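Each chain, written out:
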Amino acid sequence: MNDHLKPTNHREKKQTSRNIEPIEEENASKHANSPTMIESAGKVQLSKLYEANRRGVFLVFSTNDGNSGSQGTGFFISGNGIAISNQHVFDGYSQHFVKLHNGSVFRVTEILQQSHRSELDYVIFKVDTEGQKVFPLKVASYIPTVGEDVFAIGNPKGLEHTLSKGIISAYREQKSLLQTTAEITNGSSGGPLFNMNGEVVGITTSGIGEANLNFVVNIQRLGLEEYIY
């Protein structure tokens, strides 16, 4: 198996606690509404959304020989192993594997639906999880508005489960594509873009980093009703 699919070890830094002086009761509401406290609350929320959804995101490796190939991101939309990624991650390769958050590696066994790369650039496929339970992500029922906060989870350059945050900055191609400031780089293609309810609004597809121009397939264009159950 390719090195891209080997489990990654991470070291966690120990945090030290410190004594915090209590806030006087009459000033509690003032402190709670301060910009610092509001910003802190937002960070906690994003952290919780990340932890709740990272299990449904995985690394994709496509190959012909088991060594060289294409690496991207994908995510589950049903508990029986149906998943989504970008078509360009699969193009030109005969074998496709996924690596889950816990290091398990499984084979893609069936392509259920795919687009032409010049159109929406998506592929829907079945993963043989060998009986292992997977975590499907929730799909949003609406298109996010311009200016709405969003976040992405992907594997840029093979750095698994990387979080990025931004806003919806524009609609393109009659809302078939969403433009976002959430960063998308090589290896993140095919991953989910979430709203702040933790629902998938799009499939991350491409980005121009120096200009912070990133593009996402609007997931409402796929018609996933028959696959989500």
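Residues numbered from 1 in each chain as written. Predicted model: local features only at pLDDT ≥ 70, side-chain atom pairs only at ≥ 80, totals over all residues. Heavy atoms only, no water.

Colleague: Where do I start with the overall build of the chain in this structure?
Modeller: If you tally the helices and strands in the chain, you get three helices and 13 strands. A burial count over the chain gives 44% of its 229 residues as buried. For the chain, the proportion of contacts with a sequence separation of at least 24, taken over those separated by at least 6, is 62%. Accessible area of the chain: about 12,800 Å², with a carbon and sulfur share of 47%. (Helix = DSSP H or I, 4+ residues; strand = E, 2+ residues; numbered from the N terminus. Buried < 20%, exposed > 50% of the residue type's maximum accessible area, 1.4 Å probe, protein only. Contact = heavy atoms within 4.5 Å. Areas by Shrake-Rupley, 256 points an atom, 1.4 Å probe, with all protein chains shown as cover.)

Colleague: Is there a simple way to think about the packing of aromatic side chains in this case?
Modeller: Working definition: an aromatic ring pair is given by the centre-to-centre distance plus the angle between the planes. Scanning the model with the defined rule gives four aromatic pairs in all. One aromatic cluster in this structure is built from Phe58, Phe76, Phe90 and Phe125. The side chain of arginine 55 reaches across the aromatic face of phenylalanine 135, ending 4.0 Å from its centre. (Phe/Tyr/Trp six-rings, centres within 6.5 Å; stacked < 30°, edge-to-face > 60°. Lys NZ or Arg CZ within 6 Å of the ring centre and 35° of its normal.)

Colleague: What exactly am I supposed to notice about the pairing of strand 8 (residues 149–154) here?
Modeller: A regular strand places its side chains so that they alternate between the two faces of the sheet. A large share of strand 8 lies buried, amounting to five of its six residues. Bridge count between strand 8 and strand 9 (residues 162–172): six bridges; the pairing is antiparallel. Bridging across to strand 9, glycine 154 finds its partner in threonine 162. Two strands pair when backbone bridges link them, and strand 8 and strand 11 (residues 192–195) are joined in this way by three bridges, in the antiparallel orientation. Counterpart to valine 150 in the pairing with strand 11 is asparagine 195. (Pairing = 2+ DSSP bridges.)

Colleague: What should I look at first to understand the confidence of the model for the chain in this one?
Modeller: Reading predicted coordinates in detail is not appropriate for stretches of low pLDDT. Mean pLDDT over the chain: 84, with 79% of residues reaching 70 or higher. In this model, residues 6–40 is a region of pLDDT below 50 whose contacts with residues beyond four sequence positions or in other chains number twelve contacts. (pLDDT = per-residue confidence, 0-100.)

Colleague: Looking at this model, I keep getting lost on the side chain of serine 85. Mind explaining?
Modeller: Looking at where serine 85 falls in the secondary structure, it is placed in strand 3 (residues 82–85). Residue classification places serine 85 among the buried positions, given a relative accessible area of 0%. Side-chain polar atoms of serine 85 contact the backbone oxygen of threonine 73, separated by 2.7 Å. Ignoring anything within four residues of it in the chain, the contact list for serine 85 reads Val60, Thr73, Gly74, Phe90, Asp121, Tyr122, Val123, Phe125, Ser189, Gly190 and Ile203. (Polar contact = N/O pair within 3.5 Å; in protein donor to acceptor, adjacent residues only side chain to side chain.)

Colleague: Please clarify how the nonpolar core should be interpreted in this entry.
Modeller: Generally speaking, nonpolar side chains in soluble globular proteins are found buried as a group. By size, the foremost hydrophobic cluster in this structure holds 22 residues, and its most contacted members are Phe75, Ile84, Leu222 and Leu224. Among the elements of the structure, helix 2 (35–53), strand 3, strand 8 and strand 12 (199–208) are those that each provide at least two residues to this core. Sort the elements by how many residues they give to this core and helix 2 lands first, with three residues. Among all residues touching leucine 222, those that are not within four sequence positions of it are Ile84, Gln113, Tyr122, Ile203 and Val217. One finds Val60, Phe76, Val98 and Phe106 within the second-largest nonpolar core, a separate group that totals 14 residues. (Core = buried A, V, L, I, M, F, W, Y, C linked by side-chain atoms within 4.5 Å.)

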